[in-house]
Every structure is written in C-alpha cells, then in structure tokens.
Amino acid sequence: GERLAERYLGRRVSCAHCPVACIHLAVLREPYKNEPYFYKTTFVSYDYEPIYACGSMLGMGSTEGMLKVLDEVETYGLDAMSTGVALAWMTEAYERGLVTEKETIVRPVWGDYASYLKAIEYVVEQPNDFYAALAKGVEYASKVYGGTEFALAYGGNEMPGYHTGPAAHLGFALGTRHSHLDSAGYSYDQKMVGKRLSVEDAVAYLMEEERWRQVLTSLVICLFARGVYTPQVVVEAFKPLGWELSENDLKEIGKKIHLLKLRYKLDEGFSFDQLRFPKRIFETPSPHGMLDPLFMEQALKLYKSRVEEELKSLEAAQRW
Ligand code: SF4
C-alpha cells in the first residue's frame, strides 16, 4: 500500500459529498507497442482486498503487473477477490499435478502476470471444461478437480484477505452474503489479541454486529463510518424526521431483517451443515495462533441452533 502511494497513486476520488475520498486510483503508464514516445495512461482503482487477491495471493513481484491484472478484472466486470483466489487455487492445483496445461492452457507460475492475464480471458470465454468450472468459483472447481483443502471459499464465495483469528473466518462462513462486509469478525479478533476467546462471546458478537449492520445499511450509510452511527446517534437522528424509535426498537428491526434473510437463504437451499472451513486456514498462524477446528465447529453449531430457535419464535409471532 505504501509503495503504491509513493510511486503510483494518481488521485483519490470520493462518493458524493464525502470528504474522506478513500477511493485510490493508481496511474498505469504503458508505452505504445509500435510508436516511440507515446504512452497510454490508465487509472486503476485499488485498495486492500484487490491487492491481497491479485497481488500477494498470486506471488506478484511486479506492481505494474498487479495493476494490469486489476485493470483486466475491472474491464471484464469480474470480482477481484474471487478472481485472485481462483487463479491462486489454479496455480497450486497445477503445481500439485491436479491439473495440467491441457486444462489450464497457460502455464500458471506465481507472479507471472502475463499468464494470469491470459487465464482471466479464459475464465470469461470458458474455452474448456476446466475454465467453465473455475468460472463457477473454487468451491465448485475443487469438487471436480480436487484441492478442496486449499480452495479458499465460504458458501461459494472466495475468501477475503483477513486471517486475523477465528471470528473473521466464522464471519465469512456465517454472514448472510459470506462476505467480510457482513460482520467485522476481523475487528473483534484484533481487539481480542492476547485475550482468551470464547465460542459464546464470538457468536454473540457476530450476530449482534450483523444485525446492527442491517439497520446501518438500511439507512444507506458508508460502513467505513459505522463507528460514528452508534445506536444513540441513530435514535437522535430520527427525531427531527418525526420518528420516535428506541435503541431496542432499532435492534429488533435489525434482528428481524437478519432472520428474514436467513429464512430466505434456507428456503433457497442453503444449509449450515454444508458449510466447511478450508483446511489451509488451520495451517497458517494467525494473531491468535493456530486456529482450533473444534472451536470453529462449536461456534458453527451454536450459531445454527440460535438461528433455528429464533426463526421458530419469529414464525410463531408472525402466525399471530
Ligand atoms: S466509501 Fe465511504 S469513506 Fe470512502 S469515499 Fe465513499 S463514502 Fe467516503
């Protein structure tokens, strides 16, 4: 990030009216192939997650190479995290002999951005069964070709780059969209570094935080500013609009939205029992040391039983 800011940051832009301007654009200056002195200048948006997925995950040693990969991901309208994680899975699968160049067409090598640029084209065009499978994500591709232990995905969604401790991974698994934006498990992990974590507290935090986010996102706030919009501030902000809501009213609304989303997912085929934690996360140390599979399984079970119980109560209340 610092190197990008020093050498490549061209400008920052902002959502309407926001003074923060957290959207960073790098300048990628490329010479024309056949005309000396002429350059094509491209502004490439970057932040932590794309750098993790299309930089570190791919062993990228060239900043310009990473920016080219990010630009191609944007051009094709792909998800940067899914694409980076999928290409990393492909590279490891190739190294382990699970797939060959017959499948990958290019020769995947860590840091070789030219091969990755070609592979991204193939993910979009799907010239063979392998790329058709990879385009469905690493969860699916690893079921066909093997390598589930390093297929970094939760609920079909590729993992973001937060290996801060158990709460982050529980958040990816249990969040309604399997996203790091569903709940800040990573933030909980960071606050708890050096302290003993309990399954009950971690589950309670994740549930409460995701439920409060239902309120915040319904208010259309930026989640970077979520610390400003405390329940007390939201209660006060509603008053001039003629709405007298208590903190508890708001929390109950958040809980109901969260449960209805889960009800919808369960009706559409989602099952807590099908969630899995990729083996790789237990092989890499976190700020809380090595993660304990038992802790994760217990948390998953507790979350599931709480949701099932609360859904029953909600449905009973709705029948009235
Ligand atoms: S994402 Fe949030 S902090 Fe960043 S510019 Fe938009 S409103 Fe501001």
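Procedures and definitions
- Residues numbered from 1 in each chain as written.
- Predicted model: local features only at pLDDT ≥ 70, side-chain atom pairs only at ≥ 80, totals over all residues.
- Heavy atoms only, no water.
- Helix = DSSP H or I, 4+ residues; strand = E, 2+ residues; numbered from the N terminus.
- Buried < 20%, exposed > 50% of the residue type's maximum accessible area, 1.4 Å probe, protein only.
- Contact = heavy atoms within 4.5 Å.
- Patch = residues over 30% accessible without salt bridge, like charges linked within 9 Å, V, L, I, M, F, W, Y side chains within 5 Å.
- Areas by Shrake-Rupley, 256 points an atom, 1.4 Å probe, with all protein chains shown as cover.
- Salt bridge = Lys/Arg side-chain N within 4 Å of Asp/Glu carboxyl O.
- Domains from an automatic or database assignment.
- Polar contact = N/O pair within 3.5 Å; in protein donor to acceptor, adjacent residues only side chain to side chain.
- Pairing = 2+ DSSP bridges.
- Axes fitted to C-alpha atoms, helices over the stretch in contact; angles between N-to-C directions.

As a further point, take the environment of Pro 127. Mapped onto the elements, Pro 127 comes out in the loop between α6 (113-125) and α7 (129-134). Judged by its relative accessible area of 45%, Pro 127 falls in the partly exposed class. On a C-alpha basis, the gap between Pro 127 and Ala 5 in space is 38 Å, while along the polypeptide they are 122 residues apart. Those residues within four positions of Pro 127 in sequence are excluded, and the remaining contacts are Ile 105 and Tyr 122.

Our next topic: a nonpolar patch on the surface. A cluster of nonpolar side chains, Tyr 32, Tyr 37 and Phe 38, forms an exposed patch at the surface whose accessible area comes to about 420 Å². Secondary-structure assignment places Phe 38 in the loop between β2 (23-31) and β3 (39-46). Look at Phe 38 and you get partly exposed, because its relative accessible area is 47%.

A separate point is the domain arrangement of the protein. Taken as a whole, the protein is organised into domain 1 (48-154) and domain 2 (162-319). Domain 1 and domain 2 are separated by 29 Å when their C-alpha centres are compared. Listed per partner, the contact involves 13 residues of domain 1 and 12 residues of domain 2. The interface formed by domain 1 and domain 2 holds 2 salt bridges in total. When the shortest N-O distance is used, the salt bridge between Glu 92 and Arg 280 registers 2.7 Å. Viewed at the interface, domain 2 and domain 1 are joined by 9 residue pairs in polar contact (both at pLDDT 80 or more).

The next thing to look at is the sheet that holds β3. Reading across from one edge, β1-β2-β3 is the order of the 3 strands in this open sheet, with antiparallel pairing throughout. Of all strands in the sheet, those bounded by a partner on one side alone are β1 (9-13) and β3. On average, adjacent strands in this sheet sit at an angle of 30 degrees to one another, irrespective of strand direction. Taken together, the 8 bridges between β2 and β3 define a ladder with antiparallel strand orientation. Paired with Leu 28 across the bridge in β3 is Thr 42. Relative to the sheet, helix α3 (residues 63-75) contacts β2 and β3, its axis offset from that of β3 by approximately 75 degrees.

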